[in-house]
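Inside the fold
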Amino acid sequence: MNKPLIHITIVYDSQGDRCSAACGIDWSSAEATTPVTRSVSERFGGRVALEYIDLSQPASTPRAKELKQLVDDENIPLPMLVIEGQPRISGQFDIHLLLDAIDAEIEIKQERK
């Protein structure tokens, strides 16, 4: 099986403060993330691996620990979109920004070949 071209991580805190004005996607909700995961899969197929990390849960991987430390040290607003290990968007974002960021990353990778 081919390794995904791009690794995407959405970092959030399900126990964090909530915006009362419907500010964006609730990344802790399966009702919200299921269509996002489906859209990414339909648009990019196996070229993209998408994962969700909830910082309110005990860090189960070294990467989760590293991201929690980064968020804490830099006081980064959540949610945060991480592409290929680099924070790209912090604060509320929607599926359109997510898909645009993935498109941009794919384009950049293709130009580097």
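The structure reproduced in this document is the subject of the present report. It should be emphasised that the depicted structure is a prediction, and the values quoted were computed from it without experimental measurement. (Residues numbered from 1 in each chain as written. Predicted model: local features only at pLDDT ≥ 70, side-chain atom pairs only at ≥ 80, totals over all residues. Heavy atoms only, no water.)

**Structural notes on the side chain of Asp54**
Defined as follows: Note on conventions: DSSP H or I runs of at least 4 residues are helices, E runs of at least 2 residues are strands, and numbering of each starts at the N terminus. Any pair of N or O atoms that falls within 3.5 Å is considered a polar contact. Within protein, one atom must be able to donate a hydrogen and the other to accept it, and sequence-neighbouring residues count only if both atoms are side-chain atoms. Should any heavy atoms of two residues lie within 4.5 Å, those residues are counted as being in contact.
Here Asp54 shows up in strand β2 (residues 48–54). Polar contacts involving the side chain of Asp54 include one to the side chain of Ser56, which spans 2.8 Å. Sequence-distant contacts of Asp54, defined by excluding residues within four places in its chain, comprise Tyr12, Asp13 and Ser14.

**Observations regarding the packing of aromatic side chains**
Going by this rule: A pair of aromatic rings is counted whenever rings of Phe, Tyr or Trp (Trp by its six-membered ring) have centres within 6.5 Å, and the orientation is called stacked for planes under 30 degrees apart, edge-to-face for over 60 and tilted otherwise. Buried means the residue's accessible area, taken with a 1.4 Å probe over protein chains only, is under 20% of the maximum for its type, while exposed means over 50%, and partly exposed covers the values in between.
With the rule as written, the count across this model stands at two aromatic pairs. Ring centres of Trp27 and Phe93 lie 5.1 Å apart, and the angle between their planes is 35°; this geometry places the pair in the tilted category. Here Trp27 is found in the loop between β1 (6–12) and α1 (30–44), whereas its partner Phe93 is found in the loop between β4 (86–90) and α3 (95–112), with 66 residues between them in sequence. Using a relative accessible area of 2% as the deciding quantity, one classes Phe93 as buried. An aromatic cluster is present here, built from Trp27, Tyr52 and Phe93 joined pairwise through their rings.

**What about the environment of Val11?**
On the secondary structure map, Val11 appears in strand β1. When the C-alpha atoms of Val11 and Ala64 are compared, they prove to be 8.8 Å apart, with 53 residues separating the residues in sequence.

**Considering the environment of Tyr52**
Counting through the fold element by element, Tyr52 comes out in strand β2. When its relative accessible area of 25% is taken as the criterion, Tyr52 is described as partly exposed. Sequence separation between Tyr52 and Ser28 is 24 residues; the distance between their C-alpha atoms is 8.6 Å. Not counting residues up to four positions away in its chain, the partners in contact with Tyr52 are Ile10, Tyr12, Trp27, Thr33, Val36 and Thr37. Engagement of the side chain of Tyr52 in a polar contact is seen with the backbone oxygen of Thr33, the distance being 3.4 Å. A polar atom in the side chain of Tyr52 sits 2.8 Å from the side chain of Thr37.

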